[in-house]
Amino acid sequence: MNQQNKVNPVDGQPPAYGMQPGYGNPPPGLANVQQQWAPAVQSMPGCPPGLEYLTTLDQVLIKQQIELLEAFTGWEQNNKYKVMNNQGQQVYFAAEDTDMCMRQCCGPQRSFVIHITDNMNQEVIRLSRDFKCCAGCCWCANADGCAHEVMIEAPVGQVVGYARQEYSSWSPNFTLRDADRNPILRIHGPCCVLNMPCCEDTFNVWSQDDTQEVGTICKQKGLQEFFVDANTFGATFPQDLDVKVKAAMLGAVFLIDFMYFERKQ
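Because the structure is a prediction, the values reported are computed rather than measured.

## Quick look at the pattern of salt bridges
Pairing of side chains with opposite charge becomes possible as their charged atoms draw close. Tallied over the entire structure, the rule returns 6 salt bridges. Measuring nitrogen to oxygen at the nearest pair gives 2.9 Å for the salt bridge that ties Glu-123 to Arg-126. You can call Arg-126 buried: its relative accessible area is 14%. When the shortest N-O distance is used, the salt bridge between Arg-177 and Glu-166 registers 2.8 Å. Note that Arg-177 is positioned in strand S8 (residues 173-178) and Glu-166 in strand S7 (residues 159-166), a separation of 11 residues in sequence. Judged by relative accessible area, which is 12%, Glu-166 ranks as buried. Salt bridges sharing common partners tie together Asp-144, Arg-164, Glu-166 and Arg-177.

Written out as structure tokens, the structure reads:
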């Protein structure tokens, strides 16, 4: 039996990742997540397939799942997240796919691929970041080799944008860029990212010319973060924002999480 004809024993459907040429099975746990899903939205002209539901939203909640093995042993696991609407219904599921050596040796600096799937278990967005050994310093982020960047594909194989770290004297700065790397929106973080369970850290999203605030990315406080590495983020944006830019904002959430809030084991 070839890869195309394998059947998922959970739901009797072919595995979504097997539909991508050259890619294997989904990360463990992806097909077994139980959650109330938001109703599907009909396809729309000009909208990348699978992103139709984003056109109806002006905010999302990204909640990282608790990994018990990691909590008890400190052995870094692939991160998994639920992406939900403001009613708590799951819109997408996101699963990191990074090899074991990269996770244990490079920690939050690691390269990663995050697969975002819809309620049909089809991969609709792929986020990827390359490993850069000297990246992260805000003073050097003008150089491509020293700036963290996430590439956003929707559908897989078609780049729709980038979320990129930018130069700053102290506070975190990012840009959301289109497929041609032209800046669309800017993100400015707080002067001091506290990364404490009792505090909220807000990154404000501004227009390209920095004249109008259009949204926020906020790491929400939660007591569970005292004990486990599982963060929750909220992102707001105009409902009529281009759906590709909304996908890029999702990429920015994961980039910010890894840069500032992923716990160093």
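## Comments concerning the confidence of the model for the protein
Summary statistics for the protein give a mean pLDDT of 80 and a share of 75% for residues scoring 70 or more. Across the protein, the secondary-structure element scoring lowest on mean pLDDT is helix H1 (residues 68-73), at 59, and the one scoring highest is strand S6 (residues 149-153), at 97. A low-confidence stretch, residues 1-33 stays under pLDDT 50, and its non-local contacts, those more than four residues away or across chains, total 56 contacts.

## Let's talk about the sheet that holds strand S12 (residues 232-236)
One closed barrel accounts for 12 strands, arranged S1-S2-S3-S4-S5-S6-S7-S8-S9-S10-S11-S12; its pairing is antiparallel. Ignoring which end each strand starts from, the neighbouring axes of this sheet average 20° apart. Taken together, the 4 bridges between strand S3 (residues 90-96) and strand S4 (residues 112-117) define a ladder with antiparallel strand orientation. The partner of Ala-95 across the bridge, within S4, is His-115.

Cut-offs used in this document
Residues numbered from 1 in each chain as written. Predicted model: local features only at pLDDT ≥ 70, side-chain atom pairs only at ≥ 80, totals over all residues. Heavy atoms only, no water. Salt bridge = Lys/Arg side-chain N within 4 Å of Asp/Glu carboxyl O. Buried < 20%, exposed > 50% of the residue type's maximum accessible area, 1.4 Å probe, protein only. Helix = DSSP H or I, 4+ residues; strand = E, 2+ residues; numbered from the N terminus. pLDDT = per-residue confidence, 0-100. Contact = heavy atoms within 4.5 Å. Pairing = 2+ DSSP bridges. Axes fitted to C-alpha atoms, helices over the stretch in contact; angles between N-to-C directions.

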